[in-house]
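Each chain, written out:
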Amino acid sequence: MIVALSIAAKVAAESDGEAVSQPEDAQEGLAPEEEVEEVEPPPGVEVPEEAPVFRVRFESAGRLQMEVWLDGEPLGRTPLRTELPAGQYFLTASADAIIPVLQPFEVGDGGDQMVILPTRPVTTENYLSVSQDVFRSLVHFPENPHLLLIALYLTVDEEEAGRLLERADEKLEQNAALEALRARYHLRGGRFGDALRAAERAIGIDGTYALAWRVRAEILAEQEEWERALSAANYAVVQEPYGWRNLRTRARIHTERGNERAARLDTERADELYEQLHRLQVREP
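Worth saying up front: this structure is predicted, and the values here are computed from it rather than measured. (Residues numbered from 1 in each chain as written. Predicted model: local features only at pLDDT ≥ 70, side-chain atom pairs only at ≥ 80, totals over all residues. Heavy atoms only, no water.)

Caption draft 1: Looking closely at the packing of aromatic side chains. A complete count under the given rule lists four aromatic pairs for this structure. The interplanar angle of 55 degrees and the centroid separation of 5.8 Å between the aromatic rings of F58 and F105 together place this pair among those described as tilted. A residue pair is termed long-range when its members are at least 10 positions apart, and F58 in strand β3 (residues 53-60) and F105 in strand β8 (residues 101-107) qualify at 47 residues. On the accessibility criterion, F58 (0% relative accessible area) is buried. Classification of F105 by relative accessible area gives buried; the value is 3%. Between W213 and Y235, the ring centres sit 4.3 Å apart and the planes meet at 15 degrees, which makes this aromatic pair stacked. Of this pair, W213 sits in helix α7 (residues 210-222) while Y235 is found in helix α8 (residues 226-239), placing the two residues 22 residues apart along the sequence. Overall, Y235 belongs to the partly exposed group, its relative accessible area being 42%. Taking the ring centre of Y185 as reference, the NZ or CZ of R191 above it sits at 4.8 Å. (Phe/Tyr/Trp six-rings, centres within 6.5 Å; stacked < 30°, edge-to-face > 60°. Helix = DSSP H or I, 4+ residues; strand = E, 2+ residues; numbered from the N terminus. Buried < 20%, exposed > 50% of the residue type's maximum accessible area, 1.4 Å probe, protein only. Lys NZ or Arg CZ within 6 Å of the ring centre and 35° of its normal.)

Caption draft 2: Molecular detail of the sheet that holds strand β7 (residues 87-94). In space, the four strands of this open sheet follow the order β5-β4-β7-β8, with antiparallel pairing throughout. Looking at strand neighbours, the two that pair on one side only are β5 (73-77) and β8, the edges of this open sheet. The sheet shows a mean angle of 30 degrees between the axes of neighbouring strands, taken without regard to direction. Taken together, the four bridges between strand β4 (residues 67-70) and β5 define a ladder with antiparallel strand orientation. Within the sheet, the bridge partner assigned to W69 lies in β5 and is P74. Strands in contact with helix α3 (residues 145-154) are β4, β7 and β8; relative to β7, the strand with the most contacts, it is inclined by about 25 degrees. (Pairing = 2+ DSSP bridges. Axes fitted to C-alpha atoms, helices over the stretch in contact; angles between N-to-C directions. Contact = heavy atoms within 4.5 Å.)

Caption draft 3: Structural detail: the pairing of strand β9 (residues 113-117). Among the five residues of β9, four are classified as buried, and the element is accordingly described as predominantly covered. The sheet contact formed by β3 and β9 spans five bridges and is parallel. Among the inter-strand pairings, E59 is bridged to a residue of β9, identified as I116.

Caption draft 4: Main features of helix α5 (residues 176-188). If you check α5, its first and last C-alpha atoms are 18 Å apart, about what 13 residues at 1.5 Å a residue would give, namely 18 Å. Here α5 lies mainly inside the structure; 12 of its 13 residues are buried. Among the residues of α5, A176, A177, L178, E179, A180, L181, R182, A183, R184, Y185, H186 and L187 are the ones counted as buried. In this fold, the buried residues of α5 make contact with α3, α4 (158-171), α6 (192-205), α7 and α9 (244-256). (Expected span 1.5 Å × (residues − 1).)

Caption draft 5: Spatial organisation of α4. Its 14 residues give α4 an end-to-end C-alpha distance of 20 Å, which sits within 8% of 20 Å, the value for a rise of 1.5 Å per residue. Those residues of α4 that sit buried are A161, G162, L164, L165 and A168. Seen from one end, α4 has its buried residues packed into an arc of 165 degrees, which puts them on one side. Structural note: α4 exposes E159, E166 and E170 on the side pointing more than 90 degrees away from its buried face. Against the buried residues of α4 lie α2 (127-140), α3 and α5. The N-capping residue of α4, defined by a side-chain oxygen 3.1 Å from the backbone nitrogen of E159, is D157. (Arc of directions from axis to C-beta. Polar contact = N/O pair within 3.5 Å; in protein donor to acceptor, adjacent residues only side chain to side chain.)

Caption draft 6: Representation of the pairing of strand β6 (residues 80-85). In this structure, strand β2 (residues 37-38) lies alongside β6, joined through two bridges in parallel fashion. Across the sheet, residue E37 finds its bridge partner in β6, namely L80. Pairing analysis gives six bridges linking β3 to β6, with the strands arranged antiparallel. Of the residues in β6, the one forming a bridge with R55 is E83.

Caption draft 7: Structural view of the packing of α2 against α3. Between α2 and α3, the shortest axis-to-axis distance is 9 Å and the interhelical angle comes to 155 degrees. As far as their axial angle goes, α3 and α2 are roughly antiparallel. Note that α2 runs across α3; the crossing there is left-handed. Across from Y127, V130, S131, V134, F135, S137 and L138 in α2, the residues of α3 making contact are L147, L148, I150, A151 and L154. Residue composition of the contact of α2 with α3, grouped by class: 10 nonpolar, two polar and no charged. (Parallel < 35°, antiparallel > 145°, perpendicular 65-115°, else oblique. Left-handed = near helix turned anticlockwise from the far one by under 90°. Nonpolar A, V, L, I, M, F, W, Y, C, P; charged D, E, K, R; others polar.)

Rendered as structure tokens:
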């Protein structure tokens, strides 16, 4: 059974009842080089005795790296596949500049499932409502550390980000997303040394995490270390080739290095991917 998830009725209404629509170059499924990770169920998920177990596969509609959590426990990063006991869960999924998934999720209704997570961008128009949804969920589920990370993705206030980081540090250890977001927090504050160390910790935890490489590229670009910045941006694009923000970061670096043709190609591709995300249509399961 294919399940297309949405975080709000508003998103579903915008789809006019249409099924999931993939970008043209994504309609045939995963790219051949994209490997689906097999992961264990989160340790905090309780398995009732003799509960039926189903295979569940998570993908993101825009082929972005999305962090998937169940009941406040990390499951993995898309694309991934796991086995879960039948039951009700609270599903959260996140990526940078993407509207997070925050909703109940049922396993076992119809057998094995493929879950396609929506990847609609956060924009100036929807930022307030998305932020309100996240912070409302944080009030209701204060012990869910993923909600702290999701809030960190969204906040632009330095004091608020500092408080969220302190709370996240109390609940999480060795988390690549936390370190990447800490790096961005320090970068925004002009603390380049602290930012670079945090980005390198994120990469040390998970070298396939595109956001960590992109933030590292942004830090090095601010320091005008263009060769090292380009190398980091290249790693980000390799790990997440459909990530428009990776391409925009690399385009900026190409421009600073005087490579206008490469900058133009990256910018055009980034704009194309961003527009595709806006055209993706997702309906409620």
